Amino acid sequence: MEMSPNTISFALLLWLLWLLYFLTPVVLTTSSDPTSETSLSVNTTLLFDTGAPGYSLRNCSCPEAIQNCQESLANLLCSCHTVLRSTLPPAGLREPGELAVWLKEPWVLEELLNSSTVGHLHLSFCGVSPLDSKHLALFGLRTLTIHSEAPGATYRKQEITVAPASTSDSSDVSSSSSIFHMTFLDVAVLNGLSALKAYSVVGPAVPALPQHFPHLASLLPQHSSPAQDDAPDPSEPPHNSILTFVY
């Protein structure tokens, strides 16, 4: 018997409400100072869209701090090269260290960052048109820094610790870690109109995630879905999951 979309959505809502009993603390630091500015840390990988026809990116390695959204300065002081949109990896990026992304258009989030594994992410919105509410899936995220230069933004710089190091080296279920951490980020936070909010919930074992959230099957790393011929090893403990929602 097939279930209607409304029935499925209601069932998922009930399951999420049950998970809220297992809330995990998230550390949040925000700044509403309109004049506050942030700079990149030293030795940070920087990606930003050029805004030119063809939608390409600049991939830079910066040996010194660069102020947010200063593309000319980045091209001058960093070692940069152009990356075509057509060559972006379909499965997302894998950057366990510091990654900074400056964007003007939402395609950068959807095609570059979605399903990426990144430890420390710095997101700067350098555009003019507000971003619509959409969700970005990230794996193994530890810290998130948001910078907004959107017109009317009242929260220009915000920082959040999503997971401590002891629980976040966990984007790969084939690793020795028993925790799989997935973060859902509402990209509308880049508009800088409200303070960041976040909560974490304890989810089911990783193999069961697509059963509760069918749309997650395409987002989970390929190695998290064992081949049909591979029988699970009963001696290995199941990998628990932690789902964090940032909005």
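Refer to the preceding data block for the structure.
Below: a short report on this structure.

Parameters at a glance
Residues numbered from 1 in each chain as written. Predicted model: local features only at pLDDT ≥ 70, side-chain atom pairs only at ≥ 80, totals over all residues. Heavy atoms only, no water. Phe/Tyr/Trp six-rings, centres within 6.5 Å; stacked < 30°, edge-to-face > 60°. Helix = DSSP H or I, 4+ residues; strand = E, 2+ residues; numbered from the N terminus. Buried < 20%, exposed > 50% of the residue type's maximum accessible area, 1.4 Å probe, protein only. Salt bridge = Lys/Arg side-chain N within 4 Å of Asp/Glu carboxyl O.

So, on to the packing of aromatic side chains. Taken as a whole and assessed by the stated rule, the structure comprises 5 aromatic pairs. Each ring, one from Tyr199 and one from Tyr247, has its centre 6.2 Å from the other, and the planes form 70°; the classification is edge-to-face. Highlighted residues: Tyr199 in strand E11 (residues 198–203) and Tyr247 in the segment after strand E12 (240–246), separated in sequence by 48 residues. Judged by its relative accessible area of 27%, Tyr199 falls in the partly exposed class.

Below, the discussion takes up the pattern of salt bridges. A complete count under the given rule lists 4 salt bridges for this structure. Here Lys104 and Glu71 are joined by a salt bridge, their closest N and O atoms 3.1 Å apart. Pair noted here: Lys104 is in the loop between strand E5 (94–103) and helix H3 (107–113) and Glu71 is in helix H2 (residues 71–77), with a separation of 33 residues, a long-range link. Among the residues examined, Lys104 registers a relative accessible area of 30% and is labelled partly exposed. Owing to a relative accessible area of 17%, Glu71 belongs among the buried residues under this scheme. In this structure, Glu111 engages Arg85 in a salt bridge whose closest nitrogen and oxygen atoms are separated by 2.3 Å. Residue Glu111 is found in helix H3, and its partner Arg85 is found in the loop between strand E4 (79–84) and E5; the two are separated by 26 residues along the sequence.

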